[in-house]
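Descriptive analysis of the structure
Residues per chain, in single letters:
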Amino acid sequence: MSASRGMASYGIAKVDFREQTAEERYGIPENFLEIEVRNPMLQGEGRSKYVDYEIVCRTNIPAFKLKHSVVRRRYSDFEWFRDALERESTRVNIPQLPGKVYTNRFSDEVIEQRRAGLERFLQIVAGHPLLQTGSKVLGIFIQDPNFSKDMY
């Protein structure tokens, strides 16, 4: 019995080791989702001072209405969003947000740590297939510049 015939009888297929084309290597993936939280900005004054963050989304996933969007959200919007996701979806474990900060909350280090935590949170949530297809608030929160938690 030849070696190749013996492998076939065990269900082992011959692997195609041809070199990828430039299109395969550098083309747009079948499904992609890029979420970035960036450009934190201080808003307001005195006791009403807060930081908001820019959310940039690039995708070709049909669950999202826009292929590219940029919106701004503050931490309290993220808190509302997380609570809304928990109410909507009993089958998905929604990750925690970065914790509330009560001292030095406007320092560069604290703002950067929060930005990174919010970005991780959004990447996990937006990348979840059950939330992409089942959430009524996911796309709106990430993409609608007119979003207001008071509308829900």
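Use the structure listed above.
So, here's what we can say about the structure. (Residues numbered from 1 in each chain as written. Predicted model: local features only at pLDDT ≥ 70, side-chain atom pairs only at ≥ 80, totals over all residues. Heavy atoms only, no water.)

Focus: the pattern of salt bridges
We count it as follows: A pair is scored as a salt bridge if a Lys or Arg side-chain nitrogen falls within 4 Å of a carboxyl oxygen belonging to Asp or Glu. Secondary structure counts use DSSP, requiring at least four H or I residues in a row for a helix and at least two E residues in a row for a strand, with both numbered from the N terminus.
Taken as a whole and assessed by the stated rule, the structure comprises 11 salt bridges. A salt bridge links Glu-54 to Arg-72, with the shortest nitrogen-to-oxygen separation between them at 3.9 Å. On the criterion of sequence distance, the pair formed by Glu-54 in strand β2 (residues 50–59) and Arg-72 in strand β3 (residues 68–74) is long-range, its members being 18 residues apart. In this structure, the salt-bridge partner of Lys-100 is Glu-79, at a minimum N-O distance of 3.8 Å.

A few points about the side chain of Thr-59
To keep things clear, this is the line we draw: Throughout, a residue-residue contact means that at least one pair of heavy atoms, one from each residue, lies within 4.5 Å.
Inspection of the secondary structure assignment puts Thr-59 in strand β2. When sequence neighbours within four positions are dropped, the list of residues in contact with Thr-59 reads Phe-32, Leu-33, Phe-64, Leu-66 and Lys-67.

Things to note about the pairing of β3
Applicable threshold: The rule is simple: take the accessible area with a 1.4 Å probe, protein chains only, and divide by the maximum for that residue type; under 20% is buried, over 50% is exposed, in between is partly exposed. Here a strand pair is declared whenever DSSP counts at least two bridges between the two strands.
Residues of β3 alternate between two faces, with Ser-69, Val-71 and Arg-73 buried on one and His-68, Val-70, Arg-72 and Arg-74 left unburied on the opposite face. Bridge count for β2 against β3 is seven bridges, and the pairing is antiparallel. Across the sheet, the residue bridging to Arg-58 is His-68, located in β3.

Topic: the pairing of strand β1 (residues 33–43)
Pairing analysis gives nine bridges linking β1 to β2, with the strands arranged antiparallel. The residue of β2 that forms the bridge with Arg-38 is Glu-54. Connecting β1 to the antiparallel partner β2 that follows it, the hairpin turn spans six residues, and Gly-44 within it adopts a positive phi of roughly 75°.

Considering the side chain of Arg-73
Quick reminder of the rule: Charge assignment in this entry is limited to Lys and Arg as positive and Asp and Glu as negative, and neither His nor the chain termini are counted. Between N or O atoms, a polar contact is any pair within 3.5 Å; within protein, one atom must be a potential hydrogen donor and the other a potential acceptor, and residues adjacent in sequence are included only when both atoms are from side chains.
Its place among the elements puts Arg-73 in strand β3. The buried charged residue Arg-73 lacks any salt bridge, with Asp-77 as its nearest oppositely charged partner at 5.1 Å. Polar contacts involving the side chain of Arg-73 include one to the main-chain carbonyl oxygen of Asp-144, which spans 2.6 Å. What Arg-73 contacts, discounting residues up to four positions off in sequence, is Asp-52, Tyr-53, Ile-55, Phe-78, Ile-140, Phe-141, Asp-144 and Phe-147.

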